[in-house]
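If you want the building blocks of each chain, they are given just below.
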Amino acid sequence: NELGKNNIIFINDINSITKYEEFFEIINNSINVVNKMDIKYNGKIIQPISEKETIVMGGKIIDNYFNVDEDSNNIKELYENFIKDDNKKSSGTYDKLVYTSLLAEQCSLYEDMYYFLKGFIKNKKDILTYEERKLFSCSYKNIISNYRSAIRTIIAYENKEKKKENSTVLIYIKEYKKIVENLLNEKCMGIIKFLNENIINTDNFIKYDAEGKTFFYKMIGNQYRYLCEVESLKSNYYINQANKYYNEGLQLVNTLPIYNPVKLGLILNYSLFNYEIINDKKKAMELSKSTIEKFEKESTHLDEEEDEVKDAFSIFNRLEINYEMWESEE
């Protein structure tokens, strides 16, 4: 390996058949090489280690010279063990992961919620119910929402600093913005990969009705739209992919009533995509207006106390707000 100055060698994943005494010899030989190359840790020469002053945990060396604040390998192992099949429990792993995902939601720990739900989706042999799909959607939306909100906040600070003649922090803002944008890209692409591998490209996908299939197409279209919102990430590929998945869904929901929440949500998102991303404002407004008119005409008989109807009216209200705002901008 090529080593730069101030780099530190960590030796991980020592083969289990390595003899105990050989382990320390390997470490000390490595340290001697580092010292000969004049590579220092916090300005200090790295000292050879002994059995008394060294602990090896989770593949990491922890001693006076290598201070590790948290053992991420151990945390990872706890999570992996948590989602494994547990035949000893009468309720089973499925109920365990669904319940703890709901618990994580109440704690606003959406990364955990998403992780638990991915665990049960991977192991579920049948298709997801409407409620299970909503739960999964809730987890990823809250994760992505945090990054989208963070980017908007950073841009606000960036614009503020740009107005100054000699900002000393503008360079820091730009560097951090790049990190958060890359994190958003990683999260969105991770969700797309998971949906393709564990739902869309599986034998079970054919079992979903038009609403179920549209739900997942909309989810993927949304991820690409979120990426297109970021100027540094926006590309023709992401635009085309968003358009492709939104249209896949639109073709499937033709037979569904206008007050179906999945259909209505898809129309809302597709109108936003047209207005904000590809700048086809006319198409976005026409789609919104026709949907509003149909909804008002066909929803008079609905029971607004039902959960799905509540969802539909919530989406409809956002569609109305968008259309009124767009109309005022013309």
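Residue indices follow the written sequence of each chain, beginning from 1 at its first position. Local features are withheld for residues below a pLDDT of 70 in this predicted model, meaning they are given only at 70 or higher, and side-chain atom pairs are given and counted only at 80 or more; totals for whole chains, interfaces and linings count all residues. Side-chain metrics in this entry use all non-hydrogen atoms of the structure; hydrogen atoms and water are not considered.

## A word on the confidence of the model for the protein
The predicted coordinates ought not to be read in detail in places where the model reports low pLDDT. Each residue carries a pLDDT value, the predictor's own confidence for that position, ranging from 0 to 100. Scored by pLDDT, the protein has a mean of 82; 77% of the residues are at 70 or more. Note on definitions: a residue-residue contact is assigned when non-hydrogen atoms from the two residues lie within 4.5 Å. Predicted confidence for residues 87-91 stays below pLDDT 50, and this span has zero contacts to residues more than four positions away or in other chains.

## A word on the packing of aromatic side chains
By convention here, two paired aromatic rings are described through the distance between centres and the angle between planes. Each pair of aromatic rings taken from Phe, Tyr and Trp, with Trp reduced to its six-membered ring, is defined by centres within 6.5 Å and is described as stacked if the planes are under 30 degrees apart, edge-to-face if over 60, and tilted in the remaining cases. Applying the stated criterion across every chain yields a total of 21 aromatic pairs. Ring centres of tyrosine 79 and tyrosine 115 lie 5.5 Å apart, and the angle between their planes is 85°; this geometry places the pair in the edge-to-face category. Of this pair, tyrosine 79 sits in helix H2 (residues 72-82) while tyrosine 115 sits in helix H4 (residues 110-123), placing them 36 residues apart in sequence. Look at tyrosine 115 and you get partly exposed, because its relative accessible area is 25%. When the ring of tyrosine 275 is compared with that of tryptophan 326, the centres are 4.2 Å apart and the planes differ by 5°; the resulting orientation is stacked. Of this pair, tyrosine 275 sits in helix H9 (residues 261-277) while tryptophan 326 sits in helix H11 (residues 307-329), and the two are 51 residues apart along the sequence. Only protein chains enter the accessibility calculation, which uses a 1.4 Å probe; a residue is then buried when its area is under 20% of its type maximum, exposed when over 50%, and partly exposed in between. Its relative accessible area of 8% is what places tyrosine 275 among the buried residues. Taken together, Phe205, Tyr208, Phe215, Phe216, Tyr217, Tyr224, Tyr237, Tyr238 and Tyr245 form an aromatic cluster joined through their ring pairs. Geometry around phenylalanine 82 places lysine 96 over its ring, the cationic atom sitting 4.3 Å from the centre. For a lysine, the NZ atom is tested; for an arginine, the CZ atom; a charge sits over a ring if that atom is within 6 Å of the ring centre and within 35 degrees of the ring normal. A cation over a ring is seen here: lysine 218 above phenylalanine 215, with NZ or CZ 5.5 Å from the ring centre. By the criteria applied, helices consist of DSSP H or I runs no shorter than four residues and strands consist of E runs no shorter than two, each listed in order from the N terminus.

## Quick look at a nonpolar patch on the surface
Taken together, Val169, Ile171 and Tyr172 make up a surface patch of nonpolar side chains, about 300 Å² in accessible area. By the secondary structure assignment, isoleucine 171 is in helix H6 (residues 170-200). Surface patches are drawn from residues lacking salt bridges whose relative accessible area is over 30%; two like charges belong together within 9 Å, two nonpolar side chains (Val, Leu, Ile, Met, Phe, Trp, Tyr) within 5 Å. The Shrake-Rupley method, run with a 1.4 Å probe, gives the accessible areas here. Residue values count only the displayed protein chains as cover. When a carboxyl oxygen of Asp or Glu is within 4 Å of a side-chain nitrogen of Lys or Arg, the pair counts as a salt bridge.

## Digging into the packing of H6 against helix H7 (residues 210-228)
Between N-to-C directions, angles span 0 to 180 degrees; the directions come from axes that are lines fitted to C-alpha atoms, helices contributing only their stretch in contact. Their axes nearest at 9 Å, the elements H6 and H7 cross at an angle of 160°. Judged on the interaxial angle alone, H7 and H6 are roughly antiparallel. Between H6 and H7 lies a crossing of left-handed hand. Contacts between H6 and H7 involve Leu184, Asn185, Cys188, Met189, Ile191, Ile192, Leu195, Asn196, Ile199 and Ile200 from the former and Phe216, Tyr217, Met219, Ile220, Gln223, Tyr224, Tyr226 and Leu227 from the latter. Classification convention: Asp, Glu, Lys, Arg as charged; Ala, Val, Leu, Ile, Met, Phe, Trp, Tyr, Cys, Pro as nonpolar; all other residues, Gly among them, as polar. Split by residue class, the contact of H6 with H7 holds 15 nonpolar, three polar and no charged. Between 65 and 115 degrees an angle is taken as roughly perpendicular, under 35 as roughly parallel, over 145 as roughly antiparallel, and anywhere else as oblique. Definitions for this section: a left-handed crossing has its near helix turned counterclockwise from the far helix by less than a right angle. A right-handed crossing has that turn clockwise.

## Some thoughts on the nonpolar core
What we call a nonpolar core is a set of buried Ala, Val, Leu, Ile, Met, Phe, Trp, Tyr and Cys residues that are connected through their side-chain atoms within 4.5 Å. Grouped together as the largest cluster of nonpolar side chains are 77 residues, with contacts concentrated most on Phe136, Leu184, Leu195, Ile199 and Phe216. Aside from chain neighbours lying at most four places away, what touches isoleucine 199 is Ile121, Leu128, Phe194, Phe205, Tyr208 and Phe216.

## Focus: the pattern of salt bridges
If you walk through the whole model with that rule in mind, you get 10 salt bridges. When the shortest N-O distance is used, the salt bridge between lysine 164 and glutamate 161 registers 3.1 Å. The salt bridge partner of lysine 193 is glutamate 197, with a shortest N-O separation of 2.9 Å. One end of the pair, lysine 193, and the other, glutamate 197, are both in helix H6, four residues apart, so they sit about a helical turn from each other.

## Thoughts on the packing of H7 against helix H8 (residues 236-252)
In contact at an axis separation of 8 Å, H7 and H8 are set at 160° when each is read in the N-to-C sense. Between H7 and H8, the angle is such that the two are roughly antiparallel. In this structure, H7 meets H8 at a crossing whose hand is left-handed. Of the residues in H8, those touching H7 at Ala210, Lys213, Thr214, Tyr217, Lys218, Ile220, Gly221, Asn222, Tyr224, Arg225, Leu227 and Cys228 are Tyr237, Tyr238, Ile239, Gln241, Ala242, Tyr245, Tyr246, Glu248, Gly249 and Leu252.

## Some details on H11
Helices are assigned an expected span. That span is 1.5 Å times one less than the residue count. Under the 1.5 Å per step criterion, the end-to-end length of H11 is 34 Å for 23 residues, consistent within 8% with the ideal 33 Å. Looking only at H11, the buried set comprises Val309, Ala312, Phe313, Ile315, Phe316, Leu319, Asn322, Tyr323 and Trp326.

## Some points on the environment of tyrosine 79
The exposure class of tyrosine 79 is partly exposed, given its relative accessible area of 29%. Sequence separation between tyrosine 79 and phenylalanine 116 is 37 residues; the distance between their C-alpha atoms is 8.9 Å. Beyond its immediate chain neighbours, meaning those up to four positions away, tyrosine 79 contacts Asp112, Tyr115 and Phe116.

## Re H4
The terminal C-alpha atoms of H4, which comprises 14 residues, lie 20 Å apart, in line with the 20 Å expected from a rise of 1.5 Å per residue. Those residues of H4 lying buried are Tyr110, Asp112, Met113, Tyr114, Phe116, Leu117, Gly119, Phe120 and Ile121.

## Digging into the side chain of lysine 218
Residue placement: lysine 218 occurs in helix H7. Think of it this way: Lys and Arg go in the positive column, Asp and Glu in the negative one, and His and the chain ends go nowhere. Buried charged residue lysine 218 carries no salt bridge. Nearest counter-charge: aspartate 311, at 10 Å. Beyond its immediate chain neighbours, meaning those up to four positions away, lysine 218 contacts Tyr246, Val262, Gly265, Leu266 and Asn269.

## What to know about unusual backbone geometry
For serine 108, which is not glycine, the phi torsion reads 60° and is therefore positive. Mapped onto the secondary structure, serine 108 falls in the loop between helix H3 (92-106) and H4. Notably, asparagine 279 is not glycine yet its phi reads approximately 60°, a positive angle. Looking at where asparagine 279 falls in the secondary structure, it is placed in the loop between H9 and helix H10 (281-298).

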